[in-house]
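# Reading the structure
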Amino acid sequence: MPYVQEELFPEETVIRPPHPVSWNCWHGCTRISPGCAHCYVFRRDAEFGRDTSVVRKTQAFRLPVQKFRTGPEKGVYKYPPGTLFYTCFTSDFFHPDADGWRPEAWRMIRERSDCSFFMVTKRPERIAGALPADWGAGYGHVEISCTCENQRMTDKRLPVFLKLPIPRKSVIHEPMLERINLRPYLREYADQICSVSCGGESGPDARICDFAWVLDTHMQCVEFGVPFHFHQTGARLRKGDRVYEIPRELQHEQARKAGLEFTGKSLGDL
Ligand code: SF4
């Protein structure tokens, strides 16, 4: 079924997040679970003949603390206070091969406490041993999100992740590969989860995401008053008895038009 805008999500709910800056302090990763099968980092690297399995520090390593060297703003940070850094999106911040570089990355993150940092991991079991010495109850300007693509990974990762001393933690189902029951975790940790986000898979071999799974998670979040975000549809979205092929450039827009954004008010407040 080709993409037909009028049939999929014709109404638009526009919510525009602040424009983030990508900080890929290291690049490369290794696959660890079904969600990694069509990882876009491997796909992009393959186009350039790069070996993704070699994790390497990048030239952008010091990006958040870079300053102007000349001119009227000499000595001022290039990225102003309030900048949101999407951190390590071409690797996993907690990948073991980056253990030697992470302390310096934490030092820069601490230095830029006037900014925000958002990182995503599939390795929550490594977080406790990879936090900086002065982490304490956590850096308030750092959000760490745990990706769980199916029920098995949810039940493996969240019991570890949700116990960690992270003041801003969120959950991502992307690529969402099946219906996922989050209720046990929402019931116990609703006040600690800043958001739950769902998304489909991109790329030529994308697996189908069923809109019914997304709706189900949306309803679980509404039930427990946890903010919900439908991030993007992915390349193949089933809605009812049809599977829609959605061009890359429309996947975010179509998810927005589904109108599932939920800010976290409980049902009783509505
Ligand atoms: S953990 Fe993330 S970056 Fe690493 S292989 Fe899996 S999907 Fe790709």
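Residues numbered from 1 in each chain as written. Predicted model: local features only at pLDDT ≥ 70, side-chain atom pairs only at ≥ 80, totals over all residues.

The next thing to look at is helix 5 (residues 211-224). With 14 residues, helix 5 extends 20 Å between its outermost C-alpha atoms, agreeing within 8% with the 20 Å of an ideal straight helix rising 1.5 Å per residue. Buried positions along helix 5 lie against strand 7 (168-173), helix 4 (183-189), strand 8 (193-199), strand 9 (209-210), strand 10 (228-232) and strand 11 (236-239). One or two steps after helix 5, the chain reaches Gly-225, where phi turns positive at roughly 70 degrees. (Helix = DSSP H or I, 4+ residues; strand = E, 2+ residues; numbered from the N terminus. Expected span 1.5 Å × (residues − 1). Contact = placed C-beta atoms within 7 Å.)

Per the domain assignment, the segments making up the chain are domain 1 (18-158) and domain 2 (174-270). Taken together, the contacts link 12 residues of domain 1 with 15 residues of domain 2. Those elements giving two or more residues to the side of domain 1 that touches domain 2 turn out to be helix 1 (40-47), strand 6 (142-147) and helix 3 (151-161). Of all the elements, helix 3 adds the most residues to the side of domain 1 that touches domain 2, at 3 residues. (Domains from an automatic or database assignment.)

The buried fraction of strand 8 amounts to 5 of the 7 residues, a majority that puts the element mostly inside the structure. The sheet contact formed by strand 7 and strand 8 spans 5 bridges and is parallel. Opposite Ile-172, over in strand 8, you have Ser-197 as the bridge partner. For the segment spanning strand 7, helix 4 and strand 8, crossover handedness is right-handed. Relative to strand 10, strand 8 is paired through 4 bridges, and the arrangement is parallel. Its bridge partner being in strand 10, Gly-199 is matched across the sheet by Gln-232. (Buried ≥ 20, exposed ≤ 12 C-beta atoms within 10 Å, placed from the backbone. Pairing = 2+ DSSP bridges. Right-handed = clockwise from strand over helix to strand, strands pointing away.)

What follows concerns the sheet that holds strand 12 (residues 242-245). Ordered by their spatial adjacency, 3 strands build an open sheet running 9-11-12, and the pairing between neighbours is mixed. Of all the strands in the sheet, just strand 9 and strand 12 have a single pairing partner and so form its edges. As judged from the 2 bridges shared by strand 9 and strand 11, these two strands associate in the parallel manner. Note on strand 11: the bridge partner recorded for Asp-210 is Arg-238.

By the element assignment, Phe-61 lies in the loop between strand 3 (56-57) and strand 4 (84-87). For Phe-61, a count of 16 C-beta atoms within 10 Å puts it in the partly exposed group. As a C-alpha pair, Phe-61 and Met-108 span 47 residues in sequence and 9.6 Å in three-dimensional space.

Looking at the secondary structure, you find Lys-78 in the loop between strand 3 and strand 4. Under the C-beta neighbour-count criterion, Lys-78 is labelled partly exposed, with 14 such atoms within 10 Å. C-alpha of Lys-78 to C-alpha of Leu-63: the two residues are 15 residues apart in sequence and 8.5 Å apart in space.

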